[in-house]
Amino acid sequence: MGCNRNCGLITGAVIGAAVALFGGILMPVGDMLIEKTIKKESVLEEGTIAFKNWVKAGANVYRQFWIFDVQNPDEVAVNSSKIKVKQRGPYTYRVRYLAKDIITQDSKTHTVSFLRPKGAIFEPSLSVGTENDTFTVLNLAVAATPHLYPSTFVQIILNVFIKNSNSFMFQKRTLKELLWGYKDPFLSSVPYSIPTTVGVFYPYNNTADGVYKIFSGKDDISKVARIDTYKGKKHLSYWPGYCGMINGTDGATFPPFIEKNRVLQFFSSDICRSFYAVFGAEINLKGIPVYRFVLPSRIFASPLQNPDNHCFCTEKIISKDCTLYGVLDISKCKEGKPVYISLPHFLHASPEIAEPIEGLSPNEEEHSTYLDVEPVIYIFIIIFNVYYRALKGLKHNYLVPILWLNETATIGDEKAEMFRNQVTGKINLLGLVEMTLMSVGAVMFIAFTISYCACRLKNRLN
């Protein structure tokens, strides 16, 4: 009887130890299997989940615009007064809804080449008005003339055409015209063969960005989606006068297994620049843990503070010999047109830049730039930019705000639920099973071992 009891206790202890050991072994083995599966499905090749979602965005991508409506155009033009602006928006468009085009895979170099078609569909339900809402904004063609044609003689001639076309420093334009293009009366009156359509993003619809060549990640998953070349170039010298390498991804996809100490790099062809973001916080997005990466203020620092920005300061007067910070000159990216970018409302910019503008209210929470990244396999993006035009020819030089935007690619409720069930939920369930096995096994081992020892001691005393 004693033998049977002791044998049972020993057996129970052994089973408990085996269960705990199995749970311990399952942890690295399970993690290894998950990692292997994620790596396999993250490669950009036919048949993987990543490839399917990469070819055509798996989430709706929206671009929202806020327009700076100038309230006192005549006072500014006549007296060089402070420019009073009123922010209006958001006006929302759905973008990046078209599948990537002309996709070519190279198995030797493990790269994928493609074009990214452009298109924008207005979303009335997500907007405060219609595409026909009108705004008083800077006249893009008139403001650009002194920069494109600095010769005094040429400017005198062009001023004749400006006057004859009844054009002024400021103009009224609809949202659709301002963003996507309109026939400019001043340019149309010039008796030479020149482009006559202008717009902040013209041309956009029915065009394509690229050719991009990115790494598929087949040979090295840490390189997946990283740009190898853009339009055949690895260097920003594709735009004359710019310098630096084209680094990172296009901002829509990143490699899996993102760590907090990692620097995320991404390239924007809209502004001909590679950026980077650093870890800011860990947050919860629709039940999914994500890392928030933020753009450091150093990105918009002056060349004196950040030598990497010396290529983005090509105009010496407005920038005061490149000493001002908070804006980047991207005129070389826009065929010489005086275009600058900054964070909205001149957030983190030199005070003298915003001084001649009334109506701005920079806010860190609302106007910072950040990317929310699921650290294992998925990404959500929120990017902010603001576009300005430089204005010369008055008593003061201005950086006139035109608009600011954000672009969001966030997961919907239905897909968030699917992600939680198929990815986050399964990973959490595996962790729960591992901990349960280890805990139950350890408790069994300890309990049966103590019982066995107690039984042996009792037998000895008897």
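Residues numbered from 1 in each chain as written. Predicted model: local features only at pLDDT ≥ 70, side-chain atom pairs only at ≥ 80, totals over all residues. Heavy atoms only, no water.

Identification of the protein as Platelet glycoprotein 4 from Moschus moschiferus is taken from an unreviewed UniProt entry. Looking at the Sequence similarities (unreviewed entry) heading of the UniProt record, one finds this comment for the protein: "Belongs to the CD36 family." (UniProt positions renumbered as here; feature names shortened; annotations may be inferred.)

Assigned secondary structure in the protein consists of 10 helices and 20 strands. Taking all 462 residues of the protein together, the buried fraction comes to 47%. Taking as baseline every contact in the protein between residues at least 6 positions apart, the subset at least 24 positions apart corresponds to 63%. Carbon together with sulfur atoms contributes 57% to the accessible area of the protein, which is approximately 23100 Å² in total. (Helix = DSSP H or I, 4+ residues; strand = E, 2+ residues; numbered from the N terminus. Buried < 20%, exposed > 50% of the residue type's maximum accessible area, 1.4 Å probe, protein only. Contact = heavy atoms within 4.5 Å. Areas by Shrake-Rupley, 256 points an atom, 1.4 Å probe, with all protein chains shown as cover.)

Attention now moves to the sheet that holds strand 3 (residues 101–106). Strands sit in the order 3-4-10-11 across an open sheet of 4 strands; the sheet is antiparallel. Of all strands in the sheet, those with a lone pairing partner are strand 3 and strand 11 (227–230), marking the two edges. Going from strand to strand, the sheet's axes swing by 20° on average, the running direction of each strand aside. By the bridge criterion, 4 bridges tie strand 3 to strand 4 (residues 111–117) in an arrangement that is antiparallel. Within strand 4, the position partnered with T104 by the bridge is S113. (Pairing = 2+ DSSP bridges. Axes fitted to C-alpha atoms, helices over the stretch in contact; angles between N-to-C directions.)

With that settled, the discussion passes to the packing of aromatic side chains. In this structure the tally under the stated criterion is 18 aromatic pairs. Ring geometry for F51 and W54: centres 5.7 Å apart, planes at 40°, overall tilted. With F51 and W54 both in helix 2 (residues 49–55), this residue pair falls 3 residues apart, about one helical turn. Each of the two residues, F51 as well as W54, counts as buried. Here the aromatic rings of F114 and Y212 are separated by 5.3 Å at their centres, their planes lie at 10°, and the arrangement is stacked. Linking F114 in strand 4 with Y212 in strand 10 (residues 208–215), this pair joins segments that are 98 residues apart in sequence. Residue Y212 is classed as buried on the basis of its relative accessible area, which comes to 1%. (Phe/Tyr/Trp six-rings, centres within 6.5 Å; stacked < 30°, edge-to-face > 60°.)

All right, on to the environment of L140 then. Locating L140 in the fold gives a position in helix 4 (residues 140–148). When the C-alpha atoms of L140 and I402 are compared, they prove to be 9.8 Å apart, with 262 residues separating the residues in sequence.

With 13 residues, helix 5 (residues 152–164) ought to run about 18 Å at 1.5 Å a step, and its terminal C-alpha atoms sit 19 Å apart, in line with that. Looking at the buried positions of helix 5, the neighbouring elements they touch are helix 4 and helix 7 (185–189). Looking one or two residues beyond helix 5, the residue adopting positive phi is N166, at roughly 60°. (Expected span 1.5 Å × (residues − 1).)

Time to look at unusual backbone geometry. Looking along the chain, the bond that leaves G89 and enters P90 is cis, with omega of 10°. Residue position: P90 is located in strand 2 (residues 83–95). Here the amide bond leading from G210 into V211 is cis, since omega sits at 20°, within 30 degrees of zero. Summarising the element assignment, V211 is placed in strand 10. One non-glycine residue with positive phi stands out, namely I102, at about 50°. The residue I102 is located in strand 3 in this model. What makes I102 exposed here is its relative accessible area of 54%. Backbone geometry at H110 places phi at a positive 55°, although glycine is not the residue there.

Below, the discussion takes up the pattern of salt bridges. The full count for this structure, using the stated rule, is 12 salt bridges. When the shortest N-O distance is used, the salt bridge between E407 and R96 registers 2.9 Å. Within this pair, whereas E407 is found in strand 20 (residues 398–409), its partner R96 is found in the loop between strand 2 and strand 3, the two being separated by 311 residues in sequence. Of the residues examined, E407 reaches a relative accessible area of 11% and is grouped as buried. (Salt bridge = Lys/Arg side-chain N within 4 Å of Asp/Glu carboxyl O.)

Judged by nonpolar contacts, the single largest core of 55 residues is most densely connected at F65, I83, Y93, F186, F201 and L403. Take this core: its biggest share by element is 8 residues, from strand 20. The residues touching I83, leaving out its near neighbours within four places in the chain, are V70, N72, V76, F170, P356, I357, E358, Y398 and V400. Residues A225, L236, I246 and I271 belong to the second largest nonpolar core, which totals 41 residues. (Core = buried A, V, L, I, M, F, W, Y, C linked by side-chain atoms within 4.5 Å.)

Structurally, E315 can be placed in the loop between strand 14 (288–294) and strand 15 (327–329). In this structure the C-alpha to C-alpha distance between E315 and P338, which are 23 residues apart in sequence, comes to 9.0 Å.

What follows concerns the state of the cysteines. As enumerated under the stated definition, the model contains 2 disulfides in all. For C272, the disulfide goes to C333, at an S-S distance of 1.7 Å. Disulfide C272 to C333: torsion about the S-S bond roughly 70°, handedness right-handed. With C272 in the loop between strand 12 (264–268) and strand 13 (273–285) and C333 in the loop between strand 15 and strand 16 (339–342), this pair connects stretches of sequence that are 61 residues apart. Note on accessibility: C272 and C333 belong to one class, buried. In this model C313 forms its disulfide with C322; the gap between the sulfur atoms is 2.1 Å. Of note, the bridge from C313 to C322 carries an S-S torsion of about -100° and is left-handed in sense. (Disulfide = S-S within 2.5 Å.)

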